Structure formats: C-alpha cells, structure tokens
Amino acid sequence: MEVLQLLISGMANGCVYGLIALGFVLIYKATEAVNFAQGDFMMLGAFVTIGFVNPEFMGIPFWLALPLVFLVMGTFGYLLDVIVLRAVFGQNQVAIIILTIALGFVLRFVAGLIWGHEPLSLHSPLALGDVRLGTLVLGMADVAIIIVTLLLTLLLWQFFQRTKIGLAMQAASQNQMAAYYMGIPVKRVHGFVWALAGIVAAVAGILYASKGAIDPNAGFIGIKAFAAAVIGGFGSLPGALMGGLIVGIIEPFAARYLPAGWSQIAPYALLIAVLLFRPHGLFAQVRTKKV
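Residues numbered from 1 in each chain as written. Predicted model: local features only at pLDDT ≥ 70, side-chain atom pairs only at ≥ 80, totals over all residues. Heavy atoms only, no water.

Naming follows an unreviewed UniProt entry, where the protein chain appears as Branched-chain amino acid ABC transporter permease of Lacimonas salitolerans. Regarding the protein chain, the relevant UniProt record gives this comment under Sequence similarities (unreviewed entry): "Belongs to the binding-protein-dependent transport system permease family. LivHM subfamily." According to the UniProt record, the Subcellular location (unreviewed entry) comment for the protein chain reads "Cell membrane". (UniProt positions renumbered as here; feature names shortened; annotations may be inferred.)

Next up, the structure:
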C-alpha cells in the first residue's frame, strides 16, 4: 500500500511536469526555440485563475472562469510571439534563450506585484478532499490531475492527427521552408503554437494550484519539466508526458528510500545518465535522412 501511495502521488506530480514539458516540446518542434519561461507560464496561468475565481478577487464561478483563463493565456502566448519573438526572428538561438529567461523574471515580478508574494490557494472544485481505501489514502486532487492529463493528452493527439492546423504544425516542425513553399502560413502557425503552449501551461497551473498553495516562485518547477522533456525526448509529445511521469515518480520514492537530499537531485542524476547513454531521450523517434 505504501508503494501504491507513493506511486499515485508521484504520478500526479509527474502529470504537472509532463504538461509543462509538453509546452517545451510544442514550441521547440514548431519554432526550434526553447522557452525557458514555460514554468512561469504555468505560474501565471494559476494566478490568472486565482484572480478570476477566488472570492477575494473577482469571484467568478470556477467552470465559467475556465474559458476566460484559456482566452487570456492563449492571447498572451500569441501576442508574445507576434510582438516580442518575431522582433528577434533570425537571431542566434542563444538570444531567444536569454530572452525567455529574462521573460521568466519579468513574469515572476508582475505576478508578485499583482497578487503578492505570499502563497495563495485556488478555490478549486478539483480539491475534493481524500478518499480512504483501507490504509490507502487517495487525494481526489491527485486523481483529478491524472484523469485531466490523460484526457488532454488524448485531445492533443487527436488534434495533431485530424485537424488541418495540427497537420500544418507538424509540417512546419519538420521543415519550415518546405511548409512555406507548400502554402502553409508558418508565422501564423508559430503564433498558434505559442497560444496553445499558453493554454496547456494554464491547465498545468490550475492542476498544480488545486493541490496546494502557489507563489510567484512556483515557476521554477519548469526546470524539472525541462529535465522531463529531455529525458522523454525533446521532440516527442508522448515522450514529454512520459518523462514528466518518470521524474514525478522518482521524487517520492527517492525521498522515502534514499538518504535525505537525494530526492532533489534524483531527476537530474537520471537526466545525466540519459544524456550519456541515450542522448536523444528515452522515447525519441530518431529518423535518419537519406542523401
């Protein structure tokens, strides 16, 4: 029962990491850029939801506030691409990385300025308490996180396989120049990818805030999500989710069965091992090109 308890808790945390990692992979596949502010996108999505839902702010019912949150975060991601990132289009990738790192600091400052630096809890219907099955205690928030993540992953998979914009995003990720010559509006696709990454980050933020309090520094878990994306395979959407689950499951087991402090470095130790022995990631699909 103890192992099962640790497994469920780790899977719930891993789902949040996996959703943030999905944002990393979505942007990288479409634009070949790495958004190191993706964790701060998650934090911002959580605070935007708190601003809409909590009674000390706007007090909008949770389910009515969700479309507003997705609209705000999707618009934010799209405008970020149109106004900021296109201004550095064609620059060295290092410039974009530094830009997104700086953006993360700005988002943390703005969140602290608006909502304060003290931890806040989201009034979420997903946090329905605990259910006891013998000696096993299931947090309903954990169960909700796992179910929502699985449904969202299935929805994204269907979106990429069955919609025109999803197929256009895949084409742009394979070869932007060829996609452009085939009539695909690559810049518009890039904007849509950033909007989608913002919405996915909002879902991750809502799920994260449903488990407990959140503060502006919560965006730093994006570092673990980045490790999850690399472990799973940076170009693979399923790999990002699996990498998140692996990182999430390792942490509670390391905290329980290894000496103190090992739970903090276990994900990064695994990251180093993966980079040494399987640099493309555990679930990456490596294709060879014929010349």
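Caption draft 1: How the structure looks around the side chain of Arg108. The topology assignment puts Arg108 in helix 4 (residues 93-115). Once residues lying within four places of it in the same chain are set aside, the contact partners of Arg108 are Asp40, Met43, Pro216, Asn217 and Phe220. (Helix = DSSP H or I, 4+ residues; strand = E, 2+ residues; numbered from the N terminus. Contact = heavy atoms within 4.5 Å.)

Caption draft 2: Fine view of the UniProt feature "transmembrane region" (unreviewed entry) in the protein chain. UniProt marks residues 6-28, 35-54, 60-82, 94-116, 136-160, 191-209, 221-250 and 257-277 with the feature "transmembrane region" (unreviewed entry), using the numbering shown here. Annotated as residues 6-28, this span is 100% helix and 0% strand, and its ends, taken at the C-alpha atoms, are 32 Å apart. The span residues 35-54 carries 80% helix and 0% strand; its end-to-end C-alpha distance comes to 29 Å.

Caption draft 3: How the structure looks around the packing of aromatic side chains. Scanning all chains against the criterion turns up twelve aromatic pairs. Ring geometry for Phe41 and Trp194: centres 6.4 Å apart, planes at 55 degrees, overall tilted. You can see Phe41 sitting in helix 2 (residues 38-53) and its partner Trp194 sitting in helix 8 (residues 186-211), a full 153 residues away along the chain. Residue classification places Phe41 among the buried positions, given a relative accessible area of 0%. An aromatic cluster is present here, built from Phe24, Tyr28, Phe36, Phe226 and Phe234 joined pairwise through their rings. Taking the ring centre of Phe105 as reference, the NZ or CZ of Arg108 above it sits at 4.4 Å. (Phe/Tyr/Trp six-rings, centres within 6.5 Å; stacked < 30°, edge-to-face > 60°. Buried < 20%, exposed > 50% of the residue type's maximum accessible area, 1.4 Å probe, protein only. Lys NZ or Arg CZ within 6 Å of the ring centre and 35° of its normal.)

Caption draft 4: Looking closely at helix 1 (residues 2-31). Taking 1.5 Å of rise per residue, the 30 residues of helix 1 would be expected to cover 44 Å, and the 43 Å separating its terminal C-alpha atoms lies within 8% of that figure. Glu32 lies just past helix 1 and shows a positive phi near 60 degrees. (Expected span 1.5 Å × (residues − 1).)

Caption draft 5: View of the pattern of salt bridges. Enumeration according to the criterion identifies four salt bridges in this entry. One salt bridge connects Lys211 with Asp142, and the closest N-O pair in it is separated by 3.2 Å. Taken together, the residues span a long stretch of sequence, with Lys211 in helix 8 and Asp142 in helix 5 (residues 140-162) at a distance of 69 residues. Across the salt bridge formed by Lys224 and Glu251, the nearest N and O atoms sit 2.5 Å from each other. (Salt bridge = Lys/Arg side-chain N within 4 Å of Asp/Glu carboxyl O.)

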